Amino acid sequence: MRLAWTERLDPRGLRLTNLTACTTLSARLNPPLPHQPMLLPRSIVNRWILPALPLALALSVYAPTLGFELVYDDHDAIEANTAVVDADLVALMTTPFWGPGEADRVATWRPLTSASFAVDRRVGLALANGASPERAIAAALHAGNLAAFLAAIAALWWLLGVLGGNIGVRLAATVLFAVHPLLTEPVAWTVARADLQSACFGLLFLTAWVRGWRLRSAAFLAGALLAKESAIVLPAVALAWTWSTIRIKRDGAMPSLLPPLRRLSELHPSVALESGDGQPLDDDVGALNEAATHGPAVPSASAGGSGAAAVRRWPRPAGMWIPVGVTVVCWLASRVAVLGSLSGAAPTVVENPVVAADWVSRGIAALIVAGLGGQRLLFSGPLSSDYGLAHFPALGAGAEAAFGWLVWGVLAGGMWLARRRSPRMVLALGMIAAPMLLFSHVIVPLPTAFAERLWVLPVAGICSVTAVGFERALQVRLRFVPVLLLGFAVLIALSAVSVRLRLPDWRDDASVYEAMVRDAPLSYRALVNSASVAQDRGEIEVSRGRLKRAQQIHPESPMAWLALARLETAAGEATGARESLDRAQATGGVTDKLLEAYCAFAARFETPPEAMRRCEVAAAARSRRPRPLPHMYLAMALDRGGRDDDATRAMAAALAACGNGPVPFVLQRNAGIFFARQGRWPDAVQWLQAALTVRPGDRQVLEPLGAACNAWAAASATTADIAAKQAADACLAAVNEARRLQ
């Protein structure tokens, strides 16, 4: 049976005047199946059980992240951010993402994400209950990331439901989104929560836009922008949807009867819904509801009243764009008020090699980004924690650039071909193309050359494309549909395994930096960061080799020279440390980090008066955030000079500078050694045990801790302080157990 409908313009107004049902002798209605009772009502299954499946799958796959530590930029955005540590709402709303005084870094203002960090940190402190607060805080923050990811999955489910389609196809798309390997980085890395929250609110914005909710769409867009500035592309995706819902009207329209007819065709697959000219109608229920809500188009005057000419119009009133425009303008004004400008400081060549490239090279870079993104969306095998020059050559084109041409061609051609037949496909392709255009550095070079965390919304887009494709395949009843479903099940299983295999790379700083060097051997930041990890492990030559390699990549950057100066200072190489410090000053000028490195050098090699002079300058230097280490080195220099009282005050200032944030390991260890030299055994044991908690089995902590416990036990034996004697004995037992395990 085929339902054919025609629309004509009645002289008295727009009204449907002809609706015919044409039967085809060669087509027969499928006989009804015998009634079979269900264990659960269909409404409960569709509304609660099926949406919970992708959420449960995501929880099972990403549950190990709850035991991970904070890594990489988490230390700057959370631990060293005084606004987050103090949970100061005013400061969170009026300071950059990286903390007060960081406006000249890279212009990022994400108050919603920073506020969620502050809340999670307070929750972690409340749940610590005597345990290690650092681990409890890290667990709470990772739980917040997982919650944001689950919210994004639910938002995608809702969007696909509003767009219409088979509920099984919606389930397949959201399951693919839940285990897509490209999302491992934003879920496992706490600071990447901004991308998850922005994508979640972005999907809610698109849902509200399709439903025609004006104020709610503006509110969701505001949430996406306050989570991350990359959400500025969402109005472009909404524009693509609006553009795709422009219809060619021949006679006028009264489409309010189309949704029931569409429902009839869904119940009976042998019933096809076609227009008067024999073309199948768009199966987009959301588009039909849109047409029913906003009414028909008015025929063009050039048609002479016959309605034969094609007429285009925006199916949405201009009022839909007013709240969105006001939201964007208010966000831009707030951003300028907080950061002082829209873009802030330009990224460096270390952060993005495209910065120093010309327009031709920047165009090639855009193709490389598209090629890399397309490969990672479709074939998520070769993933990396950091994309250095080995993955992202700024000059020259290769397979990625060629594949980039193909990706842009498919996106543009697909949106053009689907503009009148499937607004869902246009919306899904727009979710891929709009962020990709922003990340390609054509408009403005971003601080990151390429990163997987930026592709949360494109992953949702590719899952939506998959949903539309599956539904088309099911509608035409292709014979290979069972094989396709089996292949999809294998893909889901392989994706889940790939995610679980990648998760250990994000366990702690050491695993992240080692993975970065393994995947991106030419990444300057990866080499410098992994060198610090190697130094902490006692692998001096490995650390030195990586720093030398980093200096060859970017000899004009001071980061590697400063790290090498710290390494040589700790190793007792005075001449090499001095040369590295002078080279760092020549390349980067005088900064607070350079003054701190000079202070550490002076505290180790120079006379007490000279060390005190340098450390006093470093401690008094204006810094964007509290720096406790200059005060610590000053205390060490004063202690060498015999000024015990001044040294005690300097060490107290170093500990006070940490505030409510974490105390660095080097400060914990040196504070314990300092208090041991002064005979303050309880304080010495407290700080050395805290340092041993951070690095279990570290010999530089175990030895002074054992000496302090022995001295404390000997001192308490001569007194009647039974509690002190028991504490000292427990300390000795803990040290002996740590040595045995080592």
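The structure contained in this document is the topic of the report that follows.

### Some remarks on the pattern of salt bridges
Here the structure, examined in full by the defined rule, presents 20 salt bridges. Arg193 is paired through a salt bridge with Asp120; the nearest N and O atoms lie 2.6 Å apart. You can see Arg193 sitting in helix α9 (residues 193-211) and its partner Asp120 sitting in helix α5 (residues 111-128), a full 73 residues away along the chain. With relative accessibility at 1%, the residue Arg193 sits in the buried group. Under the relative-accessibility criterion, Asp120 is labelled buried at 13%.

### Quick word on the state of the cysteines
Each disulfide consists of one covalent bond between the sulfur atoms belonging to two cysteines. Under the defined criterion, the tally for this structure stands at one disulfide. Residue pairing for Cys599: its cysteine sulfur links by disulfide to Cys615, the two sulfurs lying 2.1 Å apart. Handedness here is read from the sign of the S-S torsion; for Cys599 and Cys615, about 100°, the answer is right-handed. Within this pair, whereas Cys599 is found in helix α25 (residues 592-605), its partner Cys615 is found in helix α26 (residues 608-620), the two being separated by 16 residues in sequence. Each member of the pair, Cys599 as well as Cys615, carries the same accessibility label: buried.

### Thoughts on the nonpolar core
The biggest cluster of nonpolar side chains holds 143 residues, and the ones touching the most others in it are Tyr62, Phe149, Phe177, Phe205, Leu427, Met431 and Trp455. If one sorts the elements of this core by residue count, helix α6 (residues 133-163) sits on top with 16 residues. Other than its neighbours up to four places away in sequence, Phe149 contacts Ala58, Tyr62, Phe177, Ala178, Leu183, Val187 and Leu196. Core analysis: the next-biggest nonpolar cluster, separate from the first, contains 29 residues, Ala602, Leu638, Ala676 and Ala684 among them.

### So, the packing of α5 against α9
At their nearest, the axes of α5 and α9 sit 9 Å apart, and the two run at 120° to each other. The interaxial crossing formed by α5 with α9 has right-handed handedness. Taking contact as the criterion, the partners of Leu112, Thr113, Ser116, Phe117 and Asp120 in α5 are, on α9, Arg193, Ala194, Gln197 and Phe201. Along the lines of polarity and charge, the residues of the contact of α5 with α9 split into four nonpolar, three polar and two charged.

### So, the side chain of Arg669
The topology assignment puts Arg669 in helix α29 (residues 665-677). For Arg669, a relative accessible area of 16% corresponds to the buried category.

### What about the packing of aromatic side chains?
Both the distance between ring centres and the angle between the ring planes are used here to describe each pair of aromatic rings. Taken as a whole and judged by the stated rule, the model has 15 aromatic pairs. When the ring of Trp209 is compared with that of Trp321, the centres are 4.7 Å apart and the planes differ by 65°; the resulting orientation is edge-to-face. In this pair, Trp209 is assigned in helix α9 and Trp321 in helix α14 (residues 321-339), connecting sequence segments 112 residues apart. A relative accessible area of 29% means that Trp321 is categorised as partly exposed. The ring of Trp213 carries the charged tip of Arg216 above its face, separated from the ring centre by 3.8 Å.

### Let's talk about unusual backbone geometry
Among all residues save glycine, negative phi is the norm, and among peptide bonds the norm is trans. The backbone of Tyr72 sits at a positive phi, close to 55°, despite the residue not being glycine. Using a relative accessible area of 13% as the deciding quantity, one classes Tyr72 as buried. One non-glycine residue, Ala87, adopts positive backbone phi at about 55°.

Conventions adopted
Residues numbered from 1 in each chain as written. Predicted model: local features only at pLDDT ≥ 70, side-chain atom pairs only at ≥ 80, totals over all residues. Heavy atoms only, no water. Salt bridge = Lys/Arg side-chain N within 4 Å of Asp/Glu carboxyl O. Helix = DSSP H or I, 4+ residues; strand = E, 2+ residues; numbered from the N terminus. Buried < 20%, exposed > 50% of the residue type's maximum accessible area, 1.4 Å probe, protein only. Disulfide = S-S within 2.5 Å. Core = buried A, V, L, I, M, F, W, Y, C linked by side-chain atoms within 4.5 Å. Contact = heavy atoms within 4.5 Å. Axes fitted to C-alpha atoms, helices over the stretch in contact; angles between N-to-C directions. Left-handed = near helix turned anticlockwise from the far one by under 90°. Nonpolar A, V, L, I, M, F, W, Y, C, P; charged D, E, K, R; others polar. Phe/Tyr/Trp six-rings, centres within 6.5 Å; stacked < 30°, edge-to-face > 60°. Lys NZ or Arg CZ within 6 Å of the ring centre and 35° of its normal.

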